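In case you want the letters, here they are:
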Amino acid sequence: MNGNLYALSAPAADASSDFCGGNAGGPHETCVSLAAIPSSEASFVIRDSKPEGAGKELRFTGSELDDFAAGWVRTRGLTL
């Protein structure tokens, strides 16, 4: 890999884990989908299930995503 996660093939949306809440617009319309990128070590793709987010995605290394998740939990005052 040359460091460009966007150059790698990502799995289909149906191969992801969905984290849903609200469902204001219907089933699975307010989900965040997360999937591992199979051709890369510990890298992930995040997708938005809303129609306006179709085809858009963010890609992160595992350490980038861990840092984001830890920061999100800390700033939101969440506990696990």
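In case you missed it, the structure is sitting above this.
Residues numbered from 1 in each chain as written. Predicted model: local features only at pLDDT ≥ 70, side-chain atom pairs only at ≥ 80, totals over all residues. Heavy atoms only, no water.

> Please give an account of the state of the cysteines that cites residues and values.
As enumerated under the stated definition, the model contains one disulfide in all. Here Cys20 is linked by a disulfide to Cys31, with a sulfur-sulfur distance of 2.0 Å. On the sign convention where negative is left-handed, the bridge of Cys20 and Cys31, at about 95 degrees about the S-S bond, is right-handed. Within this pair, whereas Cys20 is found in strand 1 (residues 17-20), its partner Cys31 is found in strand 2 (residues 31-36), the two being separated by eleven residues in sequence. Judged by its relative accessible area of 40%, Cys20 is partly exposed. On the basis of relative accessible area, Cys31 is assigned to the buried category, the value being 2%. (Disulfide = S-S within 2.5 Å. Helix = DSSP H or I, 4+ residues; strand = E, 2+ residues; numbered from the N terminus. Buried < 20%, exposed > 50% of the residue type's maximum accessible area, 1.4 Å probe, protein only.)

> Go over a nonpolar patch on the surface, please, and point to the residues and values.
Among the surface-exposed residues, Phe68, Trp72 and Leu78 lie close enough to one another that they form a single nonpolar patch of about 330 Å² accessible area. Mapped onto the elements, Phe68 comes out in helix 1 (residues 62-76). (Patch = residues over 30% accessible without salt bridge, like charges linked within 9 Å, V, L, I, M, F, W, Y side chains within 5 Å. Areas by Shrake-Rupley, 256 points an atom, 1.4 Å probe, with all protein chains shown as cover. Salt bridge = Lys/Arg side-chain N within 4 Å of Asp/Glu carboxyl O.)

> Which residues make up the environment of Asp18, and what values do they have?
Secondary-structure assignment places Asp18 in strand 1. The partly exposed category is assigned to Asp18, whose relative accessible area is 39%. Here the alpha-carbon distance between Asp18 and Asp48, two residues 30 residues apart in the chain, equals 9.6 Å. Here Ser33 takes part through its side chain, which lies 2.5 Å from a polar atom of the side chain of Asp18. (Polar contact = N/O pair within 3.5 Å; in protein donor to acceptor, adjacent residues only side chain to side chain.)

> Describe in detail the pairing of strand 2, supporting the description with residues and values.
A regular strand carries its side chains on alternate faces of the sheet. Side chains Cys31, Ser33 and Ala35 of strand 2 all project onto a buried face; the interleaved residues Val32, Leu34 and Ala36 project onto a face where none is buried. In this structure, strand 1 lies alongside strand 2, joined through four bridges in antiparallel fashion. Bridge assignment links Ser17 to a residue of strand 2, and that residue is Leu34. Relative to strand 3 (residues 43-48), strand 2 runs antiparallel, the two sharing five bridges. Within strand 3, the residue paired with Ala35 across the bridge is Val45. From the end of strand 2 to the start of strand 3, which pair antiparallel, there are six residues, and Ala42 there has a positive phi angle of about 50 degrees. (Pairing = 2+ DSSP bridges.)

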